[in-house]
Amino acid sequence: MKLYTKIILRPLLTEKNTAMKEKENRVVFEVARDANKLEIKGAVEEAFKVSVEAVNILNVKGKVKRLGRNMGKRRSWKKAVVTLKEGSVIEFFEGV
């Protein structure tokens, strides 16, 4: 298994994600493009010492952007929505 530091790239902290954390006990991470659900579940459990109930993943396509007459594209990335079991809390997100 890969190191969890190579799988979980960063947490995503937005208003919508903060509301999901408070209401549904779900947290959102940007993860490696080649990671699957089992690897993500193991990485979150190892890194934060919590119990994971479910993992949903989304591939976010990069947007085409324009700067003057030049066209470019942002990179594509993968998002993971992790549902924690009842009573599990990630201390990293508390107070955000």
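Rules used throughout
Once a new chain begins, its residue numbering starts again from 1 and follows that chain's sequence as written. Reporting of local features is limited, given that this is a predicted model, to residues whose pLDDT is at least 70; pairs of side-chain atoms are given and counted only at 80 or more, and all residues count toward the totals for whole chains, interfaces and linings. To obtain the side-chain values, all non-hydrogen atoms of the structure were included, while hydrogens and water were left out. To define a nonpolar core, start from buried Ala, Val, Leu, Ile, Met, Phe, Trp, Tyr and Cys residues and group those joined through side-chain atoms within 4.5 Å. The buried label applies to any residue whose accessible area, calculated with a 1.4 Å probe on protein chains only, is under 20% of its type's maximum; exposed applies above 50%, and partly exposed to all values in between. Runs of E in the DSSP output that reach at least two residues are strands. Runs of H or I that reach at least four are helices, and both are numbered from the N terminus. Throughout, a contact is declared for two residues whenever any of their heavy atoms are within 4.5 Å. Expected helix span is computed as 1.5 Å times (number of residues minus one). The term polar contact refers here to a pair of N or O atoms within 3.5 Å; inside protein, the definition further demands a hydrogen-donor-capable atom paired with an acceptor-capable atom, and it admits residues adjacent in sequence only when both atoms are side-chain atoms. The pairing criterion is simple: DSSP has to find at least two bridges between the two strands.

Undergrad: Please provide a residue-by-residue account of the nonpolar core, values included.
TA: By size, the foremost hydrophobic cluster in this structure holds 17 residues, and its most contacted members are F29, I40, V44, V52, V82, L84 and I90. At the level of elements, β2 (26-31), α3 (37-48), β3 (52-60) and β6 (77-84) are the ones that each hand at least two residues to this core. Discounting residues that sit within four places of it in the chain, I40 has contacts with I7, V31, A35, V55, I57, A80 and V82. Ranked by size, the runner-up nonpolar core spans five residues in total, among them M20, V28, W77 and V81.

Undergrad: Outline the side chain of T83, listing residues and values.
TA: Mapping T83 onto the fold places it in strand β6. Contact partners of T83, with chain neighbours within four places excluded, come to E24, N25, R26, V52, E53 and A54.

Undergrad: Lay out α3 with the relevant residues and their values.
TA: Here α3 is twelve residues long and its end C-alpha atoms lie 16 Å apart, about the 16 Å a rise of 1.5 Å per residue gives. For α3, the complete set of buried residues consists of E39, I40, G42, A43 and V44. On its buried face, α3 is in contact with α1 (4-7), β1 (8-11), β2, β3 and β6. Between a side-chain oxygen at the N-terminus of α3 and the backbone nitrogen of L38 the separation is 3.2 Å; the capping residue is N36. Looking at the residues trailing α3, positive phi occurs at K49, about 55 degrees.

Undergrad: With reference to specific residues and values, describe unusual backbone geometry.
TA: Non-glycine residue N25 carries a positive phi angle of around 60 degrees. Even without being a glycine, K49 presents a positive backbone phi close to 55 degrees. Looking at the element boundaries, K49 is found in the loop between α3 and β3. The exposure class of K49 is exposed, given its relative accessible area of 67%.

Undergrad: With reference to specific residues and values, describe the pairing of strand β4 (residues 64-67).
TA: Note that β4 and strand β5 (residues 70-73) share four bridges and pair antiparallel. When the sheet's bridge partners are listed, K65 is paired in β5 with G72. The loop that links β4 with its antiparallel partner β5 comprises two residues; one of these, G68, has a positive phi angle of about 70 degrees.

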